[in-house]
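# Examination of the molecular architecture
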Amino acid sequence: MSQRVPHWTTYLRNTALHKECLLSLVIRSFPYSSAMAQSADRARSADIPRSADSAQSADMVFASKNLVEKYVTYRPCPPESLVRRVLDFLKEKPGPLDLCMDVGCGSSQNTKLYAALFNKVVGVDVSQDQLEAARVTCPLSHVTFVEGSAEQLPASDASVDLITCCAAVHWFDLPKFYAEVDRVLRPGGVLACYGYRGCTPVFNGKSLRSEFMELWDDLGPYWSEGHKHLRSEHSSLPPCYPEDVMLWSQDSGMIVETEDTLENVLGYIASWSAFAKFQKTEGKEAAGNFLERARRRLSEAMESEKGGKLVRQYHYFLRMWRKPHA
Ligand SMILES: C[S@@+](CC[C@H](N)C(=O)[O-])C[C@H]1O[C@@H](n2cnc3c(N)ncnc32)[C@H](O)[C@@H]1O
């Protein structure tokens, strides 16, 4: 039987960034399931709304504990090279880095990478369940997780040096979010939005990208309108400020690679919001059948599940803007 290895343990092996900080997170993350199990259950609406474009509907999509656990287990942390790119852009001149705000922080996959670099880091999310998980996976006193929305950021005017959004900006109401970014960023501050091209399974050097994208396309109607921004690698986002830096996944060299199992690739697929919506609408049996079909399609492409090396690759893209000084 395959073993589920949390992705950040592999990440840890591959990066020197914040080694000590992350090591403590890895060690302290194992009680996650029991801590989550102990937390009080809250009543949830049974219906997923048709449109997932508002903070309210996004909260409902991401609100199930089941999905949050999949996030913790299967979602990648961005690579060190990406964090460096963002910091290089932010740091026009030497000086302390005071406040970083990670919006749509989920269960802290991205937030924790900034912990060693800023005096204070705030993760913001509309989902209480994601925040609960984040507090367990990133238990550092100068990192706080706050319930709030991208459209109403919990920060005072001109107080934030860096706003990050990892795999999240496609959920936001952009005009409202950009207005809030402009209110809370200090002059010269940076908004950095990034994400990754889904996952690319590679078996014995052979890319299974097309099989993987067929599975993505099979869930077509269940992807939210905003997912077009992920497909365009954020090139379709309206510009926030004139100073605009864009790195495409194929050029960025920002890749996270995890040696893996077919089970884990399927687990990653099961963490998709579109899969959660499909399951909510079509039922558990249909969702189980979808994963079974996915298993068959990927196993056929791999010819055999045994005797080969499977890796999951995440190719990151990045777009960032600087708020003008005057
Ligand atoms: C795909 S997850 C990404 C989580 C994490 N940043 C990562 O890198 O995996 C998107 C997150 O954005 C949150 N979210 C969606 N709409 C939001 C909004 N309007 N304001 C704040 N958070 C939002 C969701 O609850 C979810 O945790």
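See the structure printed just above.
In this report, the structure presented in the accompanying data block is examined. Sequence order as written defines the numbering, with residues in each chain counted from 1. In keeping with the predicted nature of the model, local features appear solely for residues at pLDDT of at least 70, side-chain atom pairs appear and are counted solely at 80 or more, and the whole-chain, interface and lining totals rest on all residues. With hydrogens and water stripped out, all remaining heavy atoms of the structure feed into the side-chain values.

## Focus on the overall build of the protein
Stated formally: Where helices and strands are cited, they refer to DSSP runs of H or I of at least four residues and of E of at least two residues respectively, numbered from the N terminus. Only protein chains enter the accessibility calculation, which uses a 1.4 Å probe. A residue is then buried if its area is under 20% of the maximum for its type, exposed if over 50%, and partly exposed in between. What makes two residues a contact is simply this: any of their non-hydrogen atoms within 4.5 Å. Here the open area of atoms and residues is found with the Shrake-Rupley method and a 1.4 Å probe, where only the protein chains shown may cover a residue.
Looking only at helices and strands, one finds 14 helices and ten strands in the protein. A total of 326 residues make up the protein; the buried ones form 56% of that total. Taking the contacts inside the protein whose residues are at least 6 apart along the sequence as the reference set, 77% of them involve residues at least 24 apart. On the protein, roughly 14200 Å² of surface is accessible, and the fraction owed to carbon and sulfur atoms is 51%.

## Observations concerning the side chain of Asp260
We apply this condition: A 3.5 Å cut-off defines polar contacts: any pair of N or O atoms within that distance qualifies, except that in protein one atom must be a possible hydrogen donor and the other a possible acceptor, and neighbouring residues in sequence count only when both atoms are side-chain atoms.
Take Asp260: it is sitting in strand S9 (residues 255-260). Its relative accessible area of 11% is what places Asp260 among the buried residues. Side chain to side chain, Asp260 and Arg312 meet in a polar contact 2.4 Å long. Beyond its immediate sequence surroundings of up to four residues, Asp260 is in contact with Leu310, Val311 and Arg312.

## With respect to the pairing of strand S4 (residues 160-166)
For clarity, the cut-off: When DSSP finds at least two bridges between two strands, those strands are taken to pair.
Burial within S4 is extensive, with seven of its seven residues counted as buried. Bridge analysis of strand S1 (residues 99-103) against S4 gives three bridges, and the strand direction is parallel. Note on S4: the bridge partner recorded for Met101 is Ile163. Inspection of the sheet shows S4 paired to strand S5 (residues 185-196) by six bridges, in the parallel sense. Each bridged residue has a counterpart across the sheet, and for Cys166 the counterpart in S5 is Tyr194.

## Here we look at the pairing of S5
Note the cut-off: Look down the strands so they point away from you; if the path from the first strand over the helix to the second goes clockwise, the crossover is right-handed.
For S5, a buried count of ten out of twelve residues is recorded, marking the element as mostly surrounded by other parts of the structure. Since S4 and S5 lie parallel, the crossover through helix H8 (residues 174-184) that links them has a hand, and here it is right-handed. Summarising the sheet, S5 and strand S10 (residues 310-322) pair through seven bridges and their orientation is antiparallel. Within the sheet, the bridge partner assigned to Tyr196 lies in S10 and is Tyr316.

## Digging into the pattern of salt bridges
A side chain with one charge can pair with a side chain of the opposite charge if their charged atoms come near. What counts here: Only one rule defines a salt bridge in this text: a Lys or Arg side-chain nitrogen within 4 Å of an Asp or Glu carboxyl oxygen.
All chains considered together, the criterion is met by 16 salt bridges. With a closest N to O distance of 2.9 Å, Glu180 and Arg183 form a salt bridge. Note that Glu180 and Arg183 are positioned in helix H8 at a spacing of three residues, about one turn of the helix. With relative accessibility at 11%, the residue Glu180 sits in the buried group. Where Arg297 meets Glu214, a salt bridge forms, and the shortest distance between an N and an O atom there is 3.2 Å. Here Arg297 is found in helix H14 (residues 284-302), whereas its partner Glu214 is found in helix H9 (residues 209-218), with 83 residues between them in sequence. Through salt bridges with shared partners, one network takes in Glu92, Glu243 and Arg322.

## Notes on the site of the ligand
Put simply, the test is: Here a residue counts as near a molecule or strand whenever at least one of its heavy atoms sits within 4 Å of it. Ten residues, namely Ala, Val, Leu, Ile, Met, Phe, Trp, Tyr, Cys and Pro, are considered nonpolar, four, namely Asp, Glu, Lys and Arg, are considered charged, and the remaining ones, Gly among them, are considered polar.
Surveying the vicinity of the ligand reveals 21 residues, the closest of which are Gly104, Asp125, Ala150, Cys166 and Ala167. Note that a nitrogen atom of the ligand is positioned 3.1 Å from one of the side-chain N or O atoms of Glu151. Computed on the free molecule, the ligand has an accessible area of 600 Å², of which 99% lies beneath the protein chains in the complex. With three residues, helix H4 (residues 55-62) is the single largest residue contributor to the shell around the ligand. Here the residues of the shell around the ligand are counted per class, giving twelve nonpolar, seven polar and two charged.

## Focus on the environment of His315
Tracing the backbone shows His315 in strand S10. Considered as a pair, His315 and Asp251 are 64 residues apart in the sequence and their alpha carbons are 9.6 Å apart. In contact with His315, other than residues within four places in its own chain, are Gly195, Tyr196, Arg197, Thr200, Ser249, Met254 and Ile255. One polar contact links His315 to Gln313, side chain to side chain, over a distance of 3.0 Å.

## What to know about the environment of Arg85
Tracing the backbone shows Arg85 in helix H6 (residues 80-90). C-alpha of Arg85 to C-alpha of Met254: the two residues are 169 residues apart in sequence and 9.7 Å apart in space.

## Some points on the packing of H9 against H14
Counted only if it meets this: Every axis corresponds to a line fitted to the C-alpha atoms, with the helix fit spanning only the stretch in contact, and the corresponding angles, defined between N-to-C directions, vary from 0 to 180 degrees. An angle below 35 degrees is treated as roughly parallel, one above 145 as roughly antiparallel, one from 65 to 115 as roughly perpendicular, and anything else as oblique. By convention the crossing between two helices is left-handed if the near helix lies anticlockwise of the far one by an angle smaller than a right angle, and right-handed if it lies clockwise.
H14 packs onto H9 with a crossing angle of 160° between their chain directions and a minimal axis gap of 10 Å. By the angle between their axes, H9 is roughly antiparallel relative to H14. In this structure, the crossing between H9 and H14 has a hand that is right-handed. Every residue of H14 that contacts H9 at Glu211, Glu214, Leu215 and Asp218 is listed here: Phe290, Ala294, Arg297, Leu298 and Ala301. Residue classes in the contact of H9 with H14 are distributed as five nonpolar, no polar and four charged.

## Some points on the nonpolar core
Which entries qualify depends on this criterion: Working definition of a nonpolar core: buried Ala, Val, Leu, Ile, Met, Phe, Trp, Tyr and Cys residues. They are joined through side-chain atoms within 4.5 Å.
Membership of the largest hydrophobic core comes to 62 residues, with the highest contact counts inside it found for Val86, Tyr114, Phe118, Leu162 and Trp272. If near-sequence neighbours (up to four positions away) are discounted, Tyr114 is found in contact with Val83, Val86, Cys100, Val121, Leu162, Thr164 and Tyr194. Counting 27 residues, the second largest nonpolar core, distinct from the first, contains Val160, Cys165, Trp171 and Leu174.

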